[in-house]
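Working through the structure, step by step
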Amino acid sequence: VITRVCARQILDSRGAPAVEVDLHTNKAVHRASAAGPGAPEGGAVDAVRDAEKRRLLARAVADAVLLINGKVSEALVGMDPQQQAQIDQAIMDLDKAHHKTEIGANAMLAVSIAACKAGSAEKEVPLYKHIADLVGKSATTLPVPAITVINGGTHAGNSLPIQEIMILPVGAKNFEEAMQMGSETYNHLKDIIWEKYGSDSCNIGDDGGFAPNISSITEGLDLVIAAIDRAGFNGRIKLAIDVAATDFCVGKKYDLEFKSAKKSGQNFKTADDMIEMYSHLCSEYPLVSIEQPFDKDDWEHSKKFTTLELCQVVGDDLLMSDPERIKRAVNEYTCDALALKANQVGTVTEAIEVVKQAKDAHWGVVVSYRSGDTEDSFISDLAVGAAAGQIKAGAPCRGECITKYNQLLRIEEELGSEGVYAGENWRTTTAS
Ligand code: PGA
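Read on for an overview of the structure. What you see is a predicted model; the values in this text were computed from it and never measured. (Residues numbered from 1 in each chain as written. Predicted model: local features only at pLDDT ≥ 70, side-chain atom pairs only at ≥ 80, totals over all residues. Heavy atoms only, no water.)

Some points on the environment of Met-79
Operational definition: A run of DSSP states H or I qualifies as a helix once it reaches four residues; a run of E qualifies as a strand once it reaches two. Both are numbered from the N-terminal end. For the exposure calls, accessible area comes from a 1.4 Å probe over protein chains only, and a residue counts as buried if that area is under 20% of its type's maximum, exposed if over 50%, partly exposed in between. Contact between two residues is taken to exist if any of their heavy atoms lie within 4.5 Å; hydrogens are not considered.
Note that Met-79 resides in the loop between α1 (62–76) and α2 (84–94). According to the relative accessible area criterion, Met-79 is buried, its value standing at 19%. Spatially, the C-alpha atoms of Met-79 and Ile-2 are 5.5 Å apart, while their sequence positions differ by 77 residues. Beyond its immediate chain neighbours, meaning those up to four positions away, Met-79 contacts Val-1, Ile-2, Gln-86, Ile-87 and Ala-90.

Topic: empty space enclosed by the protein
In this approach a probe as big as a water molecule rolls over the atoms, and the regions it shows empty are the leftover space. This is how the line gets drawn: Only protein atoms enter the 1 Å grid, on which a cavity is a set of points fitting a 1.4 Å probe that cannot get out and a pocket is an open set with protein on both sides within 12 Å along at least 5 of 7 lines, lining residues being those with an atom within 4 Å of a point. Grid points are joined across faces, edges and corners, and a volume is the space filled by probe spheres set on the points. Under the scheme applied here, ten amino acids are nonpolar (Ala, Val, Leu, Ile, Met, Phe, Trp, Tyr, Cys and Pro), four are charged (Asp, Glu, Lys and Arg), and all others, including Gly, are polar.
Counted by the stated rule, this structure contains 2 cavities of 30 Å³ or more. Roughly 160 Å³ of volume is contained in the largest cavity. Taken together, 16 residues make up the lining of the largest cavity; nearest its centre are Ala-34, Ala-35, Leu-109, Asp-373 and Ile-379. Elements supplying a minimum of two residues to the lining of the largest cavity: β3 (29–34), α3 (105–123) and α11 (378–385). Grouping the amino acids of the lining of the largest cavity by side-chain chemistry returns 8 nonpolar, 4 polar and 4 charged. In terms of lining residues, the second largest cavity is bounded by 13 residues, among which Ala-146, Ala-240, Ser-289, Val-366 and Gln-390 are the most central. Looking at the lining of the second largest cavity, the elements with two or more residues in it are β6 (164–168), β7 (238–242), β11 (287–291), β12 (312–315) and β15 (389–392). Of all the elements, β11 adds the most residues to the lining of the second largest cavity, at 3 residues. Here the lining of the second largest cavity is composed, by residue class, of 8 nonpolar, 3 polar and 2 charged.

A few points about the site of the ligand
Selection rule: Residues are labelled near a given molecule or strand when at least one of their non-hydrogen atoms is within 4 Å of it. Polar contact is the term for a pair of N or O atoms within 3.5 Å; when the atoms are in protein, one must be able to donate a hydrogen and the other to accept it, and sequence-neighboring residues count only if both atoms are side-chain atoms. Here the criterion for a molecule occupying a pocket or cavity is that more than half of its atoms lie within 2 Å of the pocket grid points.
Lining the immediate surroundings of the ligand are His-155, Gln-163, Glu-164, Asp-242, Glu-291, Asp-316, Lys-341, Arg-370, Ser-371 and Lys-392. Here His-155 contributes a side-chain N or O atom positioned 3.2 Å from an oxygen atom of the ligand. Contact between the ligand and Ser-371: an oxygen atom at 2.6 Å from a side-chain N or O atom of the residue. Judged by the fraction of its atoms near the pocket grid, the ligand is located in the largest pocket. Across the shell around the ligand, the residue classes break down as no nonpolar, 3 polar and 7 charged.

So, in structure tokens, the structure goes:
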């Protein structure tokens, strides 16, 4: 049984405060942490921040820590950690606000994940297996990694407007080979950037992707294609981009030069121009997935683009991992894949429900990390247990990224011949 829940403030990969939880049972201690930033405006809130705003740029979470050590711990003591749904209900009962304003979604999630880890230990099964049981399936699917190789947008100091260019090794025979292909391509890309732009262009952005000072999307895609070619993986690696277009939507237009000191005025695009640009990119490159191609509230153009069925369209800010927004997007066909950010949801049970909702609609599911993340690798077990098919965890470098990929390597090893890599079925994989 749960005997105590203790929280502390730690730092995430951007040096911002995050919540870590030690959940004690009568047998062991189980540790979890959740990434800091929650949803965009209109979604679940971040951990309660200190009323006293002097420390850590007003982002300290000592108040959230006190809440967990106090009323959350009191509510959970005596509960069986295998009863995830009851535990999560008890946590939710303490914060009934729609946007989880009293404790914060990520603070709640850290407690919920720690309980899930305790539940798997109590049951003496691996975490992904425990999650598969909670989902109600016996899944053994290893996800295709969407590996970030180039950063831009608000995640890097260069002029590239889009946030990430990613590679998807769909042609690998297993997850281990996928990471080998990802790592080799990433390192060839570094050489290519070095040769073309010099050593100071090999600095990396928030997700570990290289951030050369390019401004055009096609220039970035061309660099990645050259790296895939040099690594010898032509045809076996597909491309994805995360546009994060909300960040440069001005009025109803998109400012592709939002980070450039000098603006030519040529790159201020309407949503229809953006659709034309994406259509062109899909025909010229092996681009199979576009995340957040429009502003978070531009349902109309997201639908218009999704309906063309040129690639997977992933809703990130559009959905905020919120069941209500997902329901609307399913009904209106506004996108056809979910970026699941568990810290926008609040508990493991709710995260699983959201995955089921997306799967029931035959959507793709991308279990996603956060750009400011911790060393917790729970999302890897979640991606396997829920048979998501896709995981996005940044570059094959930086501790908070590789901890997720390395956990997947361990899971694959443990599963042996039972471990099925989603591969070409990355969009449609379902748990049996
Ligand atoms: P975010 O980015 O954590 O800054 O929202 C993650 C992503 O979508 O790449």
